[in-house]
Amino acid sequence: MLTFTSYTVENVRDPFNILSGKRYEFVVNIDVPEDDELYVENGVSARVIVKVEEEQASIVSYDLLETSSGQLLDFDMEEDEEAALLQFCSEHVPA
């Protein structure tokens, strides 16, 4: 199971009001057990774009990164891991 240790969040600006809802960019540090296929020695972070529309949040996209270098990792999360990430982000959307 993944543990989310820290995060940052920023509002993604839409100066032309083209997109519906609000978008937020999260960078979430993830504590991954050594026996998990997502494990990387230098740590794993997720950069996540979350859309909030009518009080409903959804993940637009995400990338997994090696925390220390920012290098893009060629992994995908499993459905339950994505659901946990969405729940975490939903709980931490700025008011």
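The shown structure was predicted, so the numbers you read here are calculated from the model rather than taken from an experiment.

Chemist: Give me the lowdown on the overall build of the protein chain, citing residues and values where you can.
Modeler: What the protein chain contains, in helices and strands, is 1 helix and 4 strands. Relative to the globule expectation of 12 Å for 95 residues, the C-alpha radius of gyration of the protein chain, 14 Å, shows essentially globular dimensions. Its C-alpha atoms give the protein chain principal-axis dimensions of about 45 × 25 × 20 Å. Burial status across the protein chain gives 31% buried among its 95 residues. Contacts spanning at least 24 positions in sequence make up 49% of the contacts within the protein chain whose residues lie at least 6 apart. A total accessible area of about 6,500 Å² is found for the protein chain, and carbon and sulfur atoms account for 45% of it. Here the protein chain contributes 5 positive and 22 negative side-chain charges, whose respective centroids are spaced 18 Å apart.

Chemist: Tell me about a negative patch on the surface, and name the residues and values.
Modeler: A contiguous patch of negative charge, built from Glu37, Glu78, Glu79 and Asp80, is present on the exposed surface. Mapped onto the fold, Glu78 is located in the loop between β4 (56–66) and α1 (79–91).

Chemist: Provide a residue-level description of the packing of aromatic side chains, including the pertinent values.
Modeler: Within this structure, the stated rule accounts for 3 aromatic pairs. Considering the side-chain rings of Tyr7 and Phe26, the 6.2 Å spacing of their centres and the 35° angle between planes classify their relative orientation as tilted. Pair noted here: Tyr7 is in strand β1 (residues 3–12) and Phe26 is in strand β2 (residues 22–31), with a separation of 19 residues, a long-range link. For Phe26, a relative accessible area of 0% corresponds to the buried category. Plain terms: the ring middles of Tyr7 and Phe88 are 5.4 Å apart, the flat faces sit at 85° to each other, and that makes the pair edge-to-face. Of this pair, Tyr7 sits in strand β1 while Phe88 sits in helix α1; the two residues are 81 residues apart in sequence, bridging distant segments of the chain.

Chemist: Describe the sheet that holds β1, listing the residues and the values that go with them.
Modeler: The strands making up a sheet associate through hydrogen bonds between their backbones, and the pairing can be parallel or antiparallel. What the 4 strands build is an open sheet, ordered β1-β2-β3-β4; its pairing is antiparallel. Pairing within the sheet leaves two strands with one partner each, and these edge strands are β1 and β4. Taken pair by pair, the neighbouring strands of this sheet meet at an average axis angle of 20°, ignoring direction. Bridging between β1 and β2 involves 9 bridges; their strand directions are antiparallel.

Chemist: So what about the environment of Glu82? Which residues, and what values?
Modeler: Along the chain, Glu82 falls in helix α1. When its relative accessible area of 29% is taken as the criterion, Glu82 is described as partly exposed. With residues near it in sequence (within four places) discarded, Glu82 still touches Ile59, Tyr62 and Met77.

Calculation criteria
- Residues numbered from 1 in each chain as written.
- Predicted model: local features only at pLDDT ≥ 70, side-chain atom pairs only at ≥ 80, totals over all residues.
- Heavy atoms only, no water.
- Helix = DSSP H or I, 4+ residues; strand = E, 2+ residues; numbered from the N terminus.
- Rg over C-alpha atoms; globule rule 2.2 N^0.38 Å.
- Buried < 20%, exposed > 50% of the residue type's maximum accessible area, 1.4 Å probe, protein only.
- Contact = heavy atoms within 4.5 Å.
- Areas by Shrake-Rupley, 256 points an atom, 1.4 Å probe, with all protein chains shown as cover.
- Lys, Arg positive; Asp, Glu negative; His and termini not counted.
- Charge placed at Lys NZ, Arg CZ, Asp CG, Glu CD.
- Patch = residues over 30% accessible without salt bridge, like charges linked within 9 Å, V, L, I, M, F, W, Y side chains within 5 Å.
- Salt bridge = Lys/Arg side-chain N within 4 Å of Asp/Glu carboxyl O.
- Phe/Tyr/Trp six-rings, centres within 6.5 Å; stacked < 30°, edge-to-face > 60°.
- Pairing = 2+ DSSP bridges.
- Axes fitted to C-alpha atoms, helices over the stretch in contact; angles between N-to-C directions.

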